[in-house]
Amino acid sequence: MANHSTPATDARSTSTSYPQTKTEQEWRDQLTSEEYHVLREAGTERPFVGEYTDATTEGVYACRACGAELFTSETKFHSNCGWPSFYTPLAQDRVELIEDASLGRVRTEVRCKACGSHLGHVFEGEGYDTPTDLRYCMNSISMTLQPKAADSSS
């Protein structure tokens, strides 16, 4: 089985650089052990337990580690896969895509472009009725939801 880099192992390398950097100890101090495992060690939360899997609140989903805005509720869809699904990021420069062959098959890992934290994986060609035919399958624990402000003009 191929070794797959993680944000934590990449942080020890001098070839990986992100706009928002911290030592792994600083990440450990900031994040809970579960958050650290998913965000920095490329773990996966169990399906159907994440707080955003079935969320319908309008707003912006941001990286739990650094706060970078990643996805909007407008591109979120119900895929019945057990994790929050989006058909596109807020902008292509918000995420980094990395080949992941860690499970014996090739997948595409999605990381935060601002801090390098693991968010989940993106899958293509699954037949969902979305504009992109992509499913960004994200871990709820990797994100926070910033609800849309109520419209005060009414």
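Residues numbered from 1 in each chain as written. Predicted model: local features only at pLDDT ≥ 70, side-chain atom pairs only at ≥ 80, totals over all residues. Heavy atoms only, no water.

**Q** Would you mind going over the pairing of strand S6 (residues 107-112) with me for this structure?
**A** One face of the sheet, then the other: side chains in a regular strand alternate in exactly this way. With respect to burial, S6 is a largely interior element, 5 of its 6 residues being buried. Direction of pairing for strand S5 (residues 95-100) relative to S6: antiparallel, over a ladder of 6 bridges. Bridge pairing links Asp100 to Arg107 in S6. Linking S5 to S6, which pair antiparallel, is a turn of 6 residues; within it Gly104 sits at a positive phi near 85°. In textbook terms, the turn of a hairpin is the stretch between consecutive antiparallel strands, and for S6 and strand S7 (residues 118-124) this stretch comprises 5 residues, one of which, Gly116, has a positive phi near 80°. (Buried < 20%, exposed > 50% of the residue type's maximum accessible area, 1.4 Å probe, protein only. Helix = DSSP H or I, 4+ residues; strand = E, 2+ residues; numbered from the N terminus. Pairing = 2+ DSSP bridges.)

**Q** Sorry, what's going on with the sheet that holds strand S8 (residues 134-138) here?
**A** Backbone-to-backbone hydrogen bonds pair the strands of a sheet. The strands run either parallel or antiparallel. The strand order S3-S4-S8-S7-S6-S5 describes an open sheet built from 6 strands, whose pairing is antiparallel. Edge strands, defined here as strands with exactly one partner in the open sheet, are strand S3 (76-77) and S5.

**Q** In this structure, what is going on with the side chain of Arg111? I would like to understand it.
**A** Relative to the elements of secondary structure, Arg111 occurs in strand S6. Residue class for Arg111 comes out buried when judged on its relative accessible area of 0%. At 3.1 Å, the side chain of Arg111 forms a polar contact with the side chain of Glu109. (Polar contact = N/O pair within 3.5 Å; in protein donor to acceptor, adjacent residues only side chain to side chain.)

**Q** How do you make sense of the pairing of strand S2 (residues 69-72) when you look at a structure like this?
**A** Relative to S2, strand S1 (residues 59-63) is paired through 3 bridges, and the arrangement is antiparallel. Residue Ala62 lies in a different strand from S2, and its bridge partner there is Glu69. Taking the residues that link successive antiparallel strands as the turn, the S1-S2 hairpin has 5 residues, and the phi of Gly67 there is positive, at about 90°.

**Q** Where do I start with the side chain of Arg40 in this structure?
**A** Inspection of the secondary structure puts Arg40 in helix H3 (residues 33-41). Overall, the relative accessible area of 3% leaves Arg40 in the buried class. One polar contact links the side chain of Arg40 to the main-chain carbonyl oxygen of Cys115, over a distance of 3.3 Å.

**Q** Just to check I follow, could you spell out the sheet that holds S1 for this structure?
**A** Here we have 3 strands laid out as an open sheet, ordered S2-S1-S9, and antiparallel in their pairing. On the outer flanks of this sheet lie S2 and strand S9 (143-147), each paired with one strand and no other. Shown here is a sheet whose adjacent strand axes are inclined to one another by a mean of 30°, direction ignored. Both S1 and S9 contribute to a ladder of 5 bridges, which runs antiparallel. Paired with Gly59 across the two strands is Pro147, which belongs to S9. (Axes fitted to C-alpha atoms, helices over the stretch in contact; angles between N-to-C directions.)

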